[in-house]
Amino acid sequence: MKLKFFIAALVIVFAGTIFVFKNSNGGNVMAESKSNKKVLVAYFSASGTTAKVADRLSKAIGADLFEIKPAQPYTSADLDWTNKKSRSSVEMDDRNSRPAIANKVADMSKYDVVFVGFPIWWYREPSIIDTFMESYDFSGKQVVPFATSGGSGMGDSGSIMQKLAPNAKVDSGKRFSSGVSEKDLQDWASKWL
Ligand SMILES: Cc1cc2nc3c(=O)[nH]c(=O)nc-3n(C[C@H](O)[C@H](O)[C@H](O)COP(=O)(O)O)c2cc1C
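Analysis parameters
Residues numbered from 1 in each chain as written. Predicted model: local features only at pLDDT ≥ 70, side-chain atom pairs only at ≥ 80, totals over all residues. Helix = DSSP H or I, 4+ residues; strand = E, 2+ residues; numbered from the N terminus. Buried ≥ 20, exposed ≤ 12 C-beta atoms within 10 Å, placed from the backbone. Contact = placed C-beta atoms within 7 Å. Axes fitted to C-alpha atoms, helices over the stretch in contact; angles between N-to-C directions. Parallel < 35°, antiparallel > 145°, perpendicular 65-115°, else oblique. Left-handed = near helix turned anticlockwise from the far one by under 90°. Nonpolar A, V, L, I, M, F, W, Y, C, P; charged D, E, K, R; others polar. Near = placed C-beta within 6 Å. Expected span 1.5 Å × (residues − 1). Pairing = 2+ DSSP bridges. Right-handed = clockwise from strand over helix to strand, strands pointing away.

*Asks:* What's the story with the overall build of the chain in this structure? I'm lost.
*Replies:* Assigned secondary structure in the chain consists of 6 helices and 6 strands. Each helix and strand of the chain, placed in order from N terminus to C terminus, yields the pattern α-β-α-β-α-β-α-β-α-β-β-α. With 193 residues in all, the chain has 30% of them scored as buried. Contacts in the chain between residues at least 24 apart in sequence constitute 75% of all its contacts with a sequence separation of at least 6.

*Asks:* Quick question: what am I supposed to make of the packing of helix α2 (residues 49–61) against helix α6 (residues 182–189) here?
*Replies:* Pairs of packed helices are described in terms of their axes, by the angle between the two and the distance that separates them. Their axes nearest at 9 Å, the elements α2 and α6 cross at an angle of 65°. Here α2 is positioned roughly perpendicular relative to α6, judged by the angle of their axes. Of the two elements, α2 crosses α6, and the hand of that crossing is right-handed. From α2, Arg56, Leu57, Lys59, Ala60 and Ile61 reach across to α6, where they touch Glu182, Leu185, Gln186 and Ala189. A per-class count over the contact of α2 with α6 returns 5 nonpolar, 1 polar and 3 charged.

*Asks:* How do you make sense of the site of the ligand when you look at a structure like this?
*Replies:* In the vicinity of the ligand there are 20 residues, among which Ser45, Thr49, Thr50, Pro119 and Gly150 approach most closely. Looking at the shell around the ligand element by element, the count peaks at 3 residues for α2.

*Asks:* Can you help me understand α2 in this one?
*Replies:* Structurally, the α-helix is built with 3.6 residues per turn, so residues lying three or four positions apart point the same way. Taking 1.5 Å per residue, 13 residues should reach 18 Å; α2 reaches 19 Å between its end C-alpha atoms and fits that length. Along its buried surface, α2 packs onto β1 (39–43), β2 (64–67), β3 (113–119), β4 (142–148) and α6. Remark: glycine 62 follows α2 within two positions and exhibits a positive phi of approximately 65°.

*Asks:* What is the right way to look at the pairing of β1 in this model?
*Replies:* Put simply, side chains in a regular strand alternate between the two faces of the sheet. In terms of burial, β1 is a largely internal element, 5 of the 5 residues being buried. A two-sided burial pattern is seen for β1, the buried positions comprising Val39, Val41 and Tyr43 on one face and Leu40 and Ala42 on the other. Examined bridge by bridge, β1 and β3 share 5 bridges and lie parallel to one another. The residue of β3 that forms the bridge with valine 39 is valine 113. As paired elements, β1 and β2 share 4 bridges and run parallel to each other. Looking at the pairing, alanine 42 lines up with phenylalanine 66 of β2. In this fold, the crossover linking β1 to β2 by way of α2 has right-handed handedness.

*Asks:* Explain the pairing of β4 to me, please; I cannot follow it from the model alone.
*Replies:* Burial of β4 is extensive: 6 of the 7 residues sit out of reach of the surface. Examined bridge by bridge, β3 and β4 share 7 bridges and lie parallel to one another. Within β4, the residue paired with proline 119 across the bridge is threonine 148. Tracing the backbone out of β3, into helix α4 (residues 127–134) and back to the parallel element β4 gives a crossover that is right-handed. Two strands pair when backbone bridges link them, and β4 and strand β6 (residues 174–175) are joined in this way by 2 bridges, in the parallel orientation. By the bridge assignment, phenylalanine 146 is partnered in β6 with lysine 174.

Encoded structure:
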């Protein structure tokens, strides 16, 4: 009786081991085949809203995160869109404006997909994003814009960015509300991963 019980226990343990082994192997294969793409989330944020969404996105998809920092930070007077002479108004009025960036992505060449986040300014990407697009060789890379705003959509941001990086593949991108969930960001981003 004891022996029967012992053999039955052995069979159960053995079967269980095979089950766990098969599952863990299956899991590994899934993880490998899903994606080995290198992904960067780069963003500019003047008042913190886009920064939060960018941080959430990078966590949701396990991407590197890079903040595009202006050489000259924007003050609240600079951001006053009701003043035609404010720095942001002057920059956005001039399509050739290229505000300087203080920092640099260490090795852009290693990334396959670059998400680029920004606040919508005057219905499009801020000029500093134009500087960013012209600062690197995006050849063969997938670029995916995303933004926050007071309500406006992406406007022509994607097509302007495409012109500035003609050898990249630039999507039209998506505008998110500040409270967008990690899950929604992951679902949206998964198309390019
Ligand atoms: C100069 C300027 C222009 C803006 N233009 C627009 C606009 O055209 N449409 C819109 O919906 N929101 C506009 N906004 C609001 C911002 O897009 C919004 O507050 C954004 O979430 C700010 O992101 P941030 O905190 O990352 O800078 C503008 C804000 C500024 C400062």
